[in-house]
Amino acid sequence: MSNPTKENILAALSKVQEPELHKDLVTLNMIRDVEIDGGKVKFTIMLTTPACPLRGSIESEAKQAAMSVGGVESVEIKMSSEVPNDGRMRGLVNVTIKNAIAVGSGKGGVGKSTVSVNLAVALAQSGARVGLMDADIYGPNIPTMMGIEKLPPPKGEKITPAKAYDVEVISMGLLVKPGQPLIWRGPMLNSAIRQFLSDVEWSDLDYLIVDLPPGTGDAALSLAQALPLSGAVIVTLPQLVSLEDATRGLMMFKQLEVPILGVIENMSYLDLPDGTRMDIFGSGGGVQLALGTQVPFLGKIPIDQNVRIGGDSGKPIVVSHPDSPVAVSLREIAEKVAAQISVAALGGSNELPINIVE
Ligand code: ADP
C-alpha cells in the first residue's frame with residue numbers, strides 16, 4: 001500500500017469537529033506541524049485554550065481519523081494550546097492582553113469578587129497566562145482574597161503587578177494607603193482604568209479577569225465602557241428577587257455590545273451532613289435569568305464556609321480545597337468561560353450558542 005500524504009491526513013482530520021466551536025479541526029487551523037515518515041504520522045493539535053475539558057476526546061477522535069487513512073501505521077499527536085484573540089485589545093498601544101473578561105453583578109454581596117479570584121486562579125492552574133484586575137474601586141478586596149499585601153517595587157516607569165498563585169494582580173487597594181477613602185468621579189475612573197491597562201507591566205496574558213463594581217451605576221458603566229472587553233459573565237443568587245437587578249446588570253453589557261459569556265449562580269444550595277440539600281437563597285434564579293435573556297447558563301456554585309475562610313485568609317478555595325464541590329464547580333465554570341471566549345473570538349459572531357445545563 002502506498003504511503004499516506006499530508007493531504008490525505010488533513011482530509012481525514014477535516015471530518016473531526018471541535019465540539020464547542022462546531023467547526024472542524026482543519027478549518028479552525030488547529031492541526032499544525034504534520035510530519036509523515038513512511039507509515040508513521042505525527043502532528044500537533046493546537047487547542048484554543050489550555051482549560052479545554054474535551055482534550056481527551058478531541059485527541060482520540062483525531063487519532064482514529066488519521067489511523068483510518070490507507071497506509072498509516074502509527075499516529076503520534078502532541079497536544080498544545082494557543083488562546084485566540086478577538087482583536088478588541090489590538091487597538092491599544094503596548095497592551096499585551098489577548099482577552100479581557102468582566103465579572104459583573106446586579107448588586108453587591110453575591111460573590112462577584114470570589115468568583116473573579118477563583119476563575120483567575122483556576123485558569124492559571126490549567127496552564128493559561130492570567131491577570132486579575134480589581135476594578136471594584138469601592139470595595140477593592142481582591143488583594144485580601146489573594147493574600148497580597150503590597151505591590152513589588154517597580155522595575156522601570158511602569159507599575160509591576162503583584163503575583164499570587166501564578167496570577168498577576170493589580171488593585172486600587174494596592175495603590176492607596178489602607179483605610180484611605182476612595183472617592184471617584186467619572187473622568188477619574190476612566191483614566192484610572194486606562195492606566196491599569198497601559199501603565200502596568202502585564203506579561204503576555206491569555207485572559208485578564210476584571211472584577212467590576214456591582215450594579216449598573218456610573219462606576220460600573222464607565223469602567224465597562226473604558227475597557228475593550230471580550231466578554232462578560234454575570235454572577236447572581238438563586239433567589240428570584242435578585243433577578244431584576246441581575247437582568248439590569250446583564251442588559252448593561254448587552255447595550256455596550258459586550259458579548260455575554262453566561263450567567264453564574266452562586267450560593268445555590270447547602271449540602272448538609274445528613275445528605276439533604278437546603279436551598280438557602282431559593283432556587284432557579286440563575287437558570288431563569290439565562291433563559292429570559294437568552295444567554296448560556298454556566299453553572300451553580302454551592303455554599304461552603306471554606307469559601308469565606310479562604311477569602312479572608314488569602315487562599316482561594318480552588319487552592320485550599322481543590323477537590324471540594326465548590327472548587328470542582330468553579331473549575332468547570334472556568335473551562336466554560338474559556339470555551340465561550342474561543343467561540344466569541346473564532347466564531348466571528350457575538351451570538352453565542354445557548355446551552356442550559358442544570
Ligand atoms: P461581591 O464581590 O459580590 O460583593 P464577595 O465575593 O465579596 O461578593 O462575597 C461576599 C461574601 O460571601 C464573602 O465573605 C465571601 O467569602 C462569601 N461567599 C461568596 N461565595 C460564597 C459561597 N459560595 N459560599 C460561602 N460563602 C461565599
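Everything below is about the structure printed above this text.
Keep in mind it's a predicted model, so treat the numbers as computed, not measured. (Residues numbered from 1 in each chain as written. Predicted model: local features only at pLDDT ≥ 70, side-chain atom pairs only at ≥ 80, totals over all residues. Heavy atoms only, no water.)

K.L.:
How do you make sense of the pairing of strand S4 (residues 40-47) when you look at a structure like this?
P.N.:
The two faces of the sheet receive side chains in turn, since in a regular strand these alternate between them. With 6 of its 8 residues buried, S4 lies for the most part within the structure. Here 5 bridges tie strand S3 (residues 31-37) to S4, and the two strands are oriented antiparallel to one another. The residue bridging Ile36 from the neighbouring strand is Val41, located in S4. Hairpin geometry of S3 and S4 is characterised by an intervening segment of 2 residues between the two adjacent antiparallel strands and by a positive phi of about 65° at Gly38. (Buried < 20%, exposed > 50% of the residue type's maximum accessible area, 1.4 Å probe, protein only. Helix = DSSP H or I, 4+ residues; strand = E, 2+ residues; numbered from the N terminus. Pairing = 2+ DSSP bridges.)

K.L.:
Would you take a moment to explain the sheet that holds S3 for this structure?
P.N.:
Whenever strands of a sheet pair, they do so through backbone hydrogen bonds, lying parallel or antiparallel. Pairing in this open sheet of 3 strands is mixed, and the strands run S3-S4-S5 from one edge to the other. Two strands bound the open sheet, and with one partner strand each, they are S3 and strand S5 (74-81). Between one strand axis and the next, the sheet turns by 15° as a mean value, whatever way the strands run. Note that S4 and S5 share 8 bridges and pair parallel. What sits directly across from Leu47, in S5, is Ser81. Against the sheet, helix H1 (residues 6-13) contacts S3 and S4, and its axis sits at roughly 135° relative to S3. (Axes fitted to C-alpha atoms, helices over the stretch in contact; angles between N-to-C directions. Contact = heavy atoms within 4.5 Å.)

K.L.:
Honestly, the site of the ligand in this entry has me stumped. Any pointers?
P.N.:
Surveying the vicinity of the ligand reveals 16 residues, the closest of which are Gly109, Lys112, Ser113, Thr114 and Pro302. The contact in question runs from an oxygen atom of the ligand to an N or O atom on the backbone of Lys112, over 2.8 Å. Between the ligand and Asn266 there is a distance of 2.9 Å, counted from a nitrogen atom to a side-chain nitrogen or oxygen. Taking 560 Å² as the accessible area of the ligand by itself, protein coverage stands at 81%. Contributing elements (two or more residues each) for the shell around the ligand: helix H3 (112-125) and helix H10 (305-313). The greatest single-element share of the shell around the ligand, amounting to 3 residues, is contributed by H3. (Near = heavy atom within 4 Å. Polar contact = N/O pair within 3.5 Å; in protein donor to acceptor, adjacent residues only side chain to side chain. Areas by Shrake-Rupley, 256 points an atom, 1.4 Å probe, with all protein chains shown as cover.)

K.L.:
I'm lost on H3 in this one. Help?
P.N.:
In an α-helix, one turn spans 3.6 residues, which is why side chains three or four residues apart end up on the same side. Relative to the 20 Å expected for 14 residues at 1.5 Å per residue, H3 spans 20 Å between its end C-alpha atoms, a close match to the ideal helical length. Within H3, 12 of the 14 residues are buried, which leaves the element mostly enclosed by the surrounding structure. Those residues of H3 that sit buried are Lys112, Ser113, Val115, Ser116, Val117, Asn118, Leu119, Ala120, Val121, Ala122, Leu123 and Ala124. After H3 finishes, the residue Gly127 shows a positive phi value of roughly 115°. (Expected span 1.5 Å × (residues − 1).)

K.L.:
Sorry, what's going on with the packing of H3 against helix H12 (residues 325-346) here?
P.N.:
Helices that pack against each other are described as a pair by the angle of their axes relative to one another and the distance between those axes. Interhelical geometry of H3 versus H12 gives an angle of 75° and a closest axis separation of 9 Å. Taken together, the axes of H3 and H12 lie roughly perpendicular to each other. The residues of H12 that touch H3, namely those facing Asn118, Leu119, Ala122, Leu123 and Gln125, are Leu330, Arg331, Ile333, Ala334, Val337 and Ala338. The residue inventory of the contact of H3 with H12, partitioned by class, reads 8 nonpolar, 2 polar and 1 charged. (Parallel < 35°, antiparallel > 145°, perpendicular 65-115°, else oblique. Nonpolar A, V, L, I, M, F, W, Y, C, P; charged D, E, K, R; others polar.)

K.L.:
Help me understand the side chain of Ser329 in this model?
P.N.:
With respect to the secondary-structure elements, Ser329 resides in helix H12. Using a relative accessible area of 10% as the deciding quantity, one classes Ser329 as buried. At 2.6 Å, the side chain of Ser329 and the backbone oxygen of Lys300 are in polar contact. When neighbours within four sequence positions are excluded, Ser329 is seen to be in contact with Lys300, Ile301 and Pro302.

K.L.:
What's the story with the pairing of strand S11 (residues 231-236) in this structure? I'm lost.
P.N.:
With respect to burial, S11 is a largely interior element, 6 of its 6 residues being buried. The alternating pattern of S11 places Gly231, Val233 and Val235 on one face and Ala232, Ile234 and Thr236 on the opposite face, and all of these are buried. Relative to S11, strand S6 (residues 97-105) is paired through 5 bridges, and the arrangement is parallel. Among the inter-strand pairings, Ala102 is bridged to a residue of S11, identified as Ala232. Bridge count for S11 against strand S12 (residues 260-266) is 5 bridges, and the pairing is parallel. Across the sheet, the residue bridging to Thr236 is Glu265, located in S12. With helix H8 (residues 243-255) bridging S11 and its parallel neighbour S12, the resulting β-α-β unit is right-handed. (Right-handed = clockwise from strand over helix to strand, strands pointing away.)

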